[in-house]
Amino acid sequence: MSRYVRLIPTLMACGLLACFVPAAPTTAQDVSAAPILQFFESTSANTAYRMPDIFMAGYGAVQVPPPYRADTGGFSVGYDVYDRFDLGGPGDPTLYGTQSSFQRMANEAHAAGLSVYTDLVWNHNGFRDMGTPGFLEQGGYPGFALTLQDSDPSAPGYNTQGYSAIDGDFHGAFEGGDLNGRLAGLIDINHSTNFQFIRQPVASDSRNIPGGFIDPANARYYPDTDLSPILVFDPTTGEANIAIYPFNTADPTAGDAVPENALGYLMRHTQWMVQVIGVDGFRIDAAKNFEPWVLNYLDRAVYRSNPRTLLDGSTAHVFSYGEVFDGDMGVLQSRIRKDINPADPGAIGGNRDALDFPLYFALRSNLTSNGLVNDWHNVINASIDVNDDGLANNGSQGVSFVSGHDSGIPLPDLSNVAYAFTLMRPGNTVVYQNAKQFGEDRDFPIDGRGDALGGFYGDLITTLVDIRDTHGRGNFLIRALEKESLAFERENAALVLLSNRSDAGFDSRTIQTAFAPGTPLIELTGNASDPSVDPRDDIPALLVVNADGTVNARFLRNSSFDQDNNSFFTGRGYLIYGLATPQGTLSLTNVDRVLPGGTPTAQTNGTTRLTDIEVITADSFDVQLDTVAVNLLGFYRDHDADGDNALLRLDGGVDLNGNGAVDHVTPGTVAYGFEQFTTIHDPGYFNADGNGQYVQAIDATRLSEGYHYLHVRAFRHRDVGPAVFTNFRKVIYVDRLPPESGLHSFDPITPGVSENRNLVAVSLDHTADNMHLFLDLPAALTDEQVLAMISGASQADFLDTDLWKKTFTGLTSGNHVATIVTFEITGNVSVKRVAGLLISTIFGAGLGDTDFNGSYSPHDIDVFAQVFDSQNTQFNPAADLNGDGLINLDDAYLLGDRLSDVGADFATIQAYQAFIAQVPEPASCLLMIASGFLLLRRLPRRARASA
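Residues numbered from 1 in each chain as written. Predicted model: local features only at pLDDT ≥ 70, side-chain atom pairs only at ≥ 80, totals over all residues. Heavy atoms only, no water.

S.K.: Give a description of helix α15 (residues 858–869) that names residues and reports values.
M.R.: With 12 residues, α15 should cover 16 Å at 1.5 Å per step; its first-to-last C-alpha distance of 16 Å lies within 8% of that length. Within α15, burial applies to Asp860, Ile861, Val863, Phe864, Ala865, Val867 and Phe868. Contact partners of the buried residues in α15: α16 (889–902) and α17 (906–917). (Helix = DSSP H or I, 4+ residues; strand = E, 2+ residues; numbered from the N terminus. Expected span 1.5 Å × (residues − 1). Buried < 20%, exposed > 50% of the residue type's maximum accessible area, 1.4 Å probe, protein only. Contact = heavy atoms within 4.5 Å.)

S.K.: Account for the nonpolar core, with residues named and values stated.
M.R.: Judged by nonpolar contacts, the single largest core of 105 residues is most densely connected at Tyr59, Trp122, Phe421 and Leu498. Counting residues per element, this core draws most heavily on helix α7 (residues 262–277), at nine residues. When residues no more than four places from it in sequence are discounted, the contact partners of Phe421 are Leu359, Leu363, Trp376, Val379, Ile380, Asn393, Leu486, Phe488 and Leu498. (Core = buried A, V, L, I, M, F, W, Y, C linked by side-chain atoms within 4.5 Å.)

S.K.: Which residues make up the sheet that holds strand β40 (residues 803–808), and what values do they have?
M.R.: Read from one edge to the other, the open sheet built from four strands follows the order β36-β37-β40-β39, with strand pairing classed as antiparallel. Of all the strands in the sheet, just β36 (741–750) and β39 (797–800) have a single pairing partner and so form its edges. The mean angle between the axes of side-by-side strands here comes to 35°, regardless of whether they run parallel or antiparallel. (Pairing = 2+ DSSP bridges. Axes fitted to C-alpha atoms, helices over the stretch in contact; angles between N-to-C directions.)

S.K.: Describe the sheet that holds strand β2 (residues 61–64), listing the residues and the values that go with them.
M.R.: Pairing is mixed across the open sheet formed by nine strands, whose spatial order is β10-β11-β9-β8-β5-β2-β1-β13-β12. Every other strand in the sheet has two partners, leaving β10 (337–338) and β12 (399–401) as the edge strands with one partner each. By the bridge criterion, five bridges tie strand β5 (residues 115–121) to strand β8 (residues 281–285) in an arrangement that is parallel. Bridging from a neighbouring strand, Asp119 pairs with Arg283 of β8. Seen against the sheet, helix α12 (residues 415–424) touches β12 and β13 (428–434) and runs at an angle of roughly 140° to β13.

S.K.: Kindly report on unusual backbone geometry, identifying the contributing residues and their values.
M.R.: For the peptide bond that leads from Phe444 to Pro445, omega is 0°, which places it in the cis range. Position of Pro445 among the secondary structure elements: in the loop between β13 and α13 (460–471). Here Asp776, not a glycine, exhibits a phi torsion of approximately 65°, which is positive. Here Asp776 is to be found in the loop between β38 (768–775) and α14 (783–788).

This is the structure in structure tokens:
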């Protein structure tokens, strides 16, 4: 045991262990936030299924399409909005699933430490309007007035601002321009109208919107005014003491319907998406197509609305970024607002940015396949980032991207180079992938990068995402700027070399850096070691900084040579040299088994999980990181890369080492949410052999069943400069307990006709992967016998998140019993019986009518006796009088009461008495007395007197 390990308890007791976190720089640094994955053409369930891959790739957020009910039907991408509050339900999904599946996906993302962003459509609804036959009579768009022809000022909802009521909440069909016209033919919302209506009526009220459908369940779409509001001041309007009430997630029916205008409806929906559905931010669709002042009301709707606080207790402010399809920086700047002041939480501010279209246009025009027209001078200062503080690449504003889902923003020809540029710049950035879950023949959304998560198309993008995470810190410094070559440094962390030349070969340059003389820099992308890219070994895999701080580097161009000396296009004209970081292996103890990831094809690339899942069934396990001495390329010893610390994080941040709190809770730092290893903490940097070990014992009984996301960072030793590290990640599945399920419903398919019913079971612990459902199995069956009965006939249909359904027809009266067989993805299984599912008088007279002929006779007693004598190897729902799923003495006693209640005839009573006489002592004594009283009740009065 090293001296360092022995010091750990003392250091912890003194509160000094934090000193082994990488040193913070003395000056502020540009920051590269974890990138956003725009993952389209994927159901919410598939996105949740791919969450292990999204986590393993290193994304910080996932952006999904608008999940609302669309105007053109279930195959619509969703931008033609019909009903914003309808995210799909059981048996009636949207293209992307249901509200429950979206919420499950959001919960899974949060468990993985990611944020969820969705498209927010405030500009328009769908394609239908007043000219669509029957649409007005149908009620139009829920929550919106399609037309208001009553111009009487005394009429409810009269527009006091004097706007025409003919077009209701919308601009007219013949209006035009970016602000009032119909984008792609979609009916345009007029945010300036002020028709005050209860737009989702819950009861009869004169203020209800005309044609609105009254439904008490609509209360769940309103905040609860009995809860404590936040009181704020809006500096954009001068309004003070604005009360913003929260949604009541504990009791959604407590919402209070109030009148509002169309903009208020949009605001309420947006707040609902955050507080109820679990969204953390929005990509604002068509933000160029409505007035900038409208966005101030978006800021009001989401201000301090996120109930998911950061680990230090501070507000996780909702982040939004607008689609402002324009290269004019003034137009974009009018849609950006970043003025939240933590020191004044009572004043509404904005956390709102814009997609960086000026930079995209520059990338598309200067990273073409024609190297003669490409010029880095046109790119380096093109970003909207320059417009606020004069610094073009410090990440202060602008969300960069290389392509998107619209036809107007395809990938540049040199998209690899473009992504190397955007991913290594400071600030926010997006990577777009079309999962193609709905087929190859859809022309919208367009294709993105197939390798955003790795898989069939390789790992170029995931490699860049990881390098951004490990080395994307330090100020952005241009080191070489030429028409064809660009070099920039993330100060004292990484050196990026980019070429826009489309021919083969390389370009040599001597480049100044901020690295200390003698510092080794290893090429991180793998391009310098790939013979398909550099077959002549022209590009060095290792650079050593010269005495004057320079390096002798070569820019790799975007074509290469084959074995016949013919050039071919690679598109890999980018290199990233960075400080070496620890090498090693992350492992877990007590792994029961591994659920292997799949091997995708071109058709399944978006839907195949790649990540291996390690299953933990024990009550505890150890996380162990073993690091080794670093010898770069096998010969250059880099002692600092052995590492002087490692941290671990589970999910979004959990107290793993048992000291009562998460160790590091400062947002925005590389240690946020991470814990110190305390079981063993033996860094290689302090050991003579350079090898290190970190171990943390984990109490699995404190973890929920299901997926968990483990992240370890091992840090290079540094005295100055930003932290650089190696990421190690694993996804685990805790499976200590059998899956827990229960009955959700047993409702008639047609109300009032009970013989055909849907049995719906629910996964109570959210772990079910499949269910089989049975009805009226005998209680004596063992779980093993039930499992042996599983077949296609017992297979339940997936209905919704956590819900499975099976239809049973021709059911009799009585207390039925459901048997629910639940499987987890691990193969773990549970068998549960749910008794007492009463059906009254369909196919039978009710309880006790065991032959289901609609009357009571001695034959019913015979059938009851047969089931009773079987010792629960048989089951009859009419014989289970107490609804406990068993046929026993309790039911035999209650049968007598039932026969009395229904006035059974003398012969039936005698048959019952004869059955009771055969019941073994001592129970038969009590039953004989009971049956005697019953017989007396059925005899004529004279006979009873003589008796």
